[in-house]
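# Structural overview
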Amino acid sequence: MTKQHPAWSPYDNNGGTCVAIAGADYCVIAADTRMSTGYSILTRDYSKICKLADKCVMASSGFQADVKALQKLLAARHLIYQHQHNKQMSCPGMAQLLSNTLYYKRFFPYYSFNVLGGLDNEGKGCVYTYDAVGSYERVGYSSQGSGSTLIMPFLDNQLKSPSPLLLPAQDAVTPLSEAEAVDLVKTCFASATERDIYTANKLEIVVLNKGGIHREYMELRKD
Amino acid sequence: MKLDTSGLESTSPFFGSGDELCPELSAAPSFSLPLSTDFDEFQKDTKATLKHAKGTTTLAFIFKEGVMVAADSRASMGGYISSQSVKKIIEINPYMLGTMAGGAADCQFWHRNLGIKCRLHELANKRRISVTGASKLLANILYSYRGMGLSVGTMIAGWDETGPGLYYVDSEGGRLKGTRFSVGSGSPYAYGVLDSGYKFDMSIEEAAELARRAIYHATFRDAASGGVASVYYVGPNGWKKLSGDDVGELHYHYYPVTPSTVEQEMAEVAGA
């Protein structure tokens, strides 16, 4: 008996790449702005980055409908938190919330590859990286999405710091300055755009530091 | 069959008190399930592309002084290494550890859930939960979800009133009491080293070295294991992390590069 394939799938992959880098007192989160389906481009100007709280920004690639649903859910939960606690949710708190939210759909997952960036309670940069069902880890830098296999080895080469699991513990803060980190991110995307068809058009960069949130754009190859 | 969702009930007292404009948000969180009878087959091809993180080597054994627990730190998604610094030894409470093998999200979520239940037990009964009890709680939950595609192969190691305790619990619903276990894709290699070197009468340092070597050898031969070999000891006063060593460095520590004897040496030609 041949396997029956369903005629319709609830999932689609809209492509794109996200990167986040944590520094001593800043965090850089970036994503391209191309949204595709198969070999077609749906739009050249779609933001994959969402501000969840004052000190917490999420970038997600994958199936953008699931990403949109996830962003709405987290925004609503954050609003309830603000009403109950009279303050913004911290980045580590939001990280745990995102993990649980993803896991509650363990049997019908959000097709969403997320990277969360922000400032922790001490003002240091933090980046959390996720898989599709919610397993997460705090890291110094991460990339997710179609171009992640191109970008991650490069970031490992430039930024690799001693593992937090080593004993005796070694300091793991990225020594780069904010401007150097932004420059590194631009370099990553310029290269990924060359070799990944789903990463292109424009790069949106969000920088979080004690002065607040700052957003800038860079043009990428449009082909 | 009624699923054991007690761990998912919200602990917040304010959850239901909001007005019912958004009942989904104020209701206690629960798993959203697809409208299908066979969860394993549901969207199997797409879930395969999601390739959630797994692949590992973990081990634990009881010896004279207590329990030794060790693990690697690599998470792989298909052929891609998604992380080299995953914490696979989870600290449930100061005297109990859990190891992670299989789906990373499954292990993280259910161990955290187990930690919550253990704490509730302490508050309700004014005494710590036993390792037997904690492993039974976890095994019952996993049995409830049997057949739905969870992938969990964990060991619960701890020290309670009866002394050292070690249980293996998996997502098929199995629960085994034992003195020596290794779980994960690298476990056959770890068993080889562990079984040949094991003695009940070992000092803590000897046992730690055995555990470290077993993990190192597994990472050497298993592609899905690597990163940092962490070793924990559980004694009467709780657990303590003994070491965390990069397996690449352990390799040269165990097998240092010795300069070979030179028979003929090429001399520099002057002025050529």
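Residues numbered from 1 in each chain as written. Chains lettered and ligands numbered in written order. Predicted model: local features only at pLDDT ≥ 70, side-chain atom pairs only at ≥ 80, totals over all residues. Heavy atoms only, no water.

The name that an unreviewed UniProt entry assigns to chain B is Proteasome subunit beta, with the source organism given as Citrus sinensis. Comment text from UniProt for chain B, heading Catalytic activity (unreviewed entry), reads "Cleavage of peptide bonds with very broad specificity." (UniProt positions renumbered as here; feature names shortened; annotations may be inferred.)

Under an unreviewed UniProt entry, the name given to chain A is Proteasome subunit beta type-1, and the organism recorded is Citrus sinensis.

## Examining the sheet that holds strand β12 (residues 212–219) of chain A
All names here are of chain A. One open sheet holds the five strands; their spatial order is β10-β1-β2-β11-β12, and the pairing between them is antiparallel. Unpaired on one side and paired on the other, β10 (141–145) and β12 mark the two borders of the sheet. Strand after strand, the sheet turns through a mean of 15° between neighbouring axes, direction not considered. Here strand β1 (residues 17–22) pairs with strand β2 (residues 26–32) via five bridges, running antiparallel. Residue pairing in the sheet places alanine 22 in a bridge with cysteine 27 of β2. (Pairing = 2+ DSSP bridges. Helix = DSSP H or I, 4+ residues; strand = E, 2+ residues; numbered from the N terminus. Axes fitted to C-alpha atoms, helices over the stretch in contact; angles between N-to-C directions.)

## Quick look at the pairing of strand β11 (residues 202–209) of chain A
Residues and elements named next belong to chain A. Buried residues dominate β11, accounting for seven of its eight residues. As judged from the seven bridges shared by β2 and β11, these two strands associate in the antiparallel manner. If you follow isoleucine 29 over to β11, its bridge partner there is valine 206. Looking at chain direction, β11 and β12 are connected through eight bridges and run antiparallel. By the bridge assignment for β12, valine 207 is matched with histidine 214. In sequence, β11 turns back onto β12 through a hairpin of two residues. (Buried < 20%, exposed > 50% of the residue type's maximum accessible area, 1.4 Å probe, protein only.)

## Considerations on unusual backbone geometry
Residues and elements named next belong to chain A. A cis amide bond links leucine 167 to the next residue, proline 168, at an omega of 0°. Position of proline 168 among the secondary structure elements: in the loop between α3 (148–159) and α4 (178–195). Positioned with a positive phi, asparagine 201 is a non-glycine residue whose angle comes to about 80°. Relative to the helices and strands, asparagine 201 resides in the loop between α4 and β11. For asparagine 201, a relative accessible area of 2% translates into the label buried.

## A word on a nonpolar patch on the surface
On the surface, Ile116, Leu120 and Leu123 of chain B cluster together to form a nonpolar patch covering roughly 280 Å² of accessible area. Within the element layout of this structure, leucine 123 of chain B appears in helix α3 (residues 104–125). (Patch = residues over 30% accessible without salt bridge, like charges linked within 9 Å, V, L, I, M, F, W, Y side chains within 5 Å. Areas by Shrake-Rupley, 256 points an atom, 1.4 Å probe, with all protein chains shown as cover. Salt bridge = Lys/Arg side-chain N within 4 Å of Asp/Glu carboxyl O.)

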